[in-house]
Amino acid sequence: MATQPRVSSTFISFLTILGSAVLAKYQYENVSPFAQHNIAMRISLFATFIYFMVIVVYEILNTDGIVQVEDDGRYFLILSHVWFLSGTVAATLLIMILIPYFGWFLFVIWTMFLVKIACYWDKTFYNFDMFKKKKNVNDREGRQEEQRPPV
C-alpha cells in the first residue's frame, strides 16, 4: 500500500473541490446548504471527520510504513474498510447535493459496498464447519471416537 498517501491527498483534494462546488451552488441564494440539505451535510461532515481520524490512527499504528495484515491481525484491514466507506459516503453525499439523481445512484452503489464489506466482516458467524462431526484423538483405547457438539 505504498500509494496510500498519494491517493489520500488526491481524495482530500476531491472532497475540497466538492465542498467548494456545494458552496458555489448556494452562493447567490439566501439559503444555506445546511438548511436545504441538513442530514446530508451533517453526515458528510461526520464522515469526513471519521476519514481524517482513520488516517491519523493508521499513521500512528503504521510507523514503519509497511502494512503486515497477517502479523498484526485484521485491524489494518478494518481500518482500510472504514477509511474507504467514510470517504466515499462523504463524497457521495456531496455529489447528491450537487446532482441529485446521479448522487442517489452512487449512494445505492455505496450501499452495496457496505453490505459486501459487512458480510466479509461477518464470515465467522455463518461458518457452519463447526457443526460437523469432530474426531477425538486422545481416546483411552487408542481408537478415534466421534464427538458431536452439544446441542
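Further up the page is the structure itself.
Residues numbered from 1 in each chain as written. Predicted model: local features only at pLDDT ≥ 70, side-chain atom pairs only at ≥ 80, totals over all residues. Heavy atoms only, no water.

## A closer look at the overall build of the protein
Rules: Numbering of helices and strands runs from the N terminus, with a helix taken as a DSSP run of H or I at least four residues long and a strand as a DSSP run of E at least two residues long. Residue burial is assigned from relative accessible area. The probe radius is 1.4 Å, only protein chains are included, and a residue is buried under 20% of its type maximum, exposed over 50%, and partly exposed in between. Contacts were defined at the residue level, with two residues in contact if any of their heavy atoms lie within 4.5 Å.
The number of helices and strands found in the protein is six helices and two strands. Listed by position from the N terminus, the elements making up the protein come as α-α-α-α-α-α-β-β. The burial tally for the protein puts 26% of its 151 residues in the buried class. Restricting the contact set of the protein to residue pairs at least 6 apart, pairs at least 24 apart contribute 58%.

## Quick notes on the packing of helix α3 (residues 38-61) against helix α5 (residues 75-98)
Where we set the bar: Here an angle of 0 to 180 degrees is reported between the N-to-C directions of two axes, which are lines fitted to C-alpha atoms, with helices fitted over the stretch in contact. Should an angle lie under 35 degrees it is considered roughly parallel, over 145 roughly antiparallel, and from 65 to 115 roughly perpendicular; all remaining angles are considered oblique. Working rule for handedness: look at the near helix, and if it is turned counterclockwise from the far one by less than a right angle, call the crossing left-handed; if clockwise, right-handed. Each residue receives one of three labels: charged for Asp, Glu, Lys and Arg, nonpolar for Ala, Val, Leu, Ile, Met, Phe, Trp, Tyr, Cys and Pro, and polar for the others, Gly being one of them.
The interhelical angle for the contact between α3 and α5, taken along N-to-C directions, is 150°, at an axis separation of 8 Å. For the element pair α3 / α5, the angle class is roughly antiparallel. In this structure, α3 crosses over α5, and the sense of that crossing is left-handed. Residues belonging to the contact of α3 with α5 are distributed by class as follows: 21 nonpolar, four polar and no charged.

## Looking at the packing of aromatic side chains
We apply this condition: Each pair of aromatic rings taken from Phe, Tyr and Trp, with Trp reduced to its six-membered ring, is defined by centres within 6.5 Å and is described as stacked if the planes are under 30 degrees apart, edge-to-face if over 60, and tilted in the remaining cases.
Enumeration according to the criterion identifies eight aromatic pairs in this entry. Each ring, one from Phe11 and one from Phe14, has its centre 6.1 Å from the other, and the planes form 45°; the classification is tilted. With Phe11 and Phe14 both in helix α1 (residues 4-25) and three residues apart, this pair spans about one turn of that helix. Phe11 gets classed as buried once you look at its relative accessible area, which sits at 19%. Centroid distance Phe107 to Trp110: 5.7 Å. Interplanar angle 20°. Geometry classified as stacked. Of the two residues, Phe107 and Trp110 are both situated in helix α6 (residues 100-121); the distance of three residues between them amounts to about one turn of the helix.

## Looking at the nonpolar core
Applied cut-off: What we call a nonpolar core is a set of buried Ala, Val, Leu, Ile, Met, Phe, Trp, Tyr and Cys residues that are connected through their side-chain atoms within 4.5 Å.
Leu15, Val22, Trp83, Leu94 and Ile97 are the most contacted members of the largest nonpolar core, which totals 26 residues. Mapped by element, the contributors of at least two residues to this core are α1, α3, α5 and α6. Those residues within four positions of Val22 in sequence are excluded, and the remaining contacts are Pro33, Met41, Leu94, Ile97 and Leu98.

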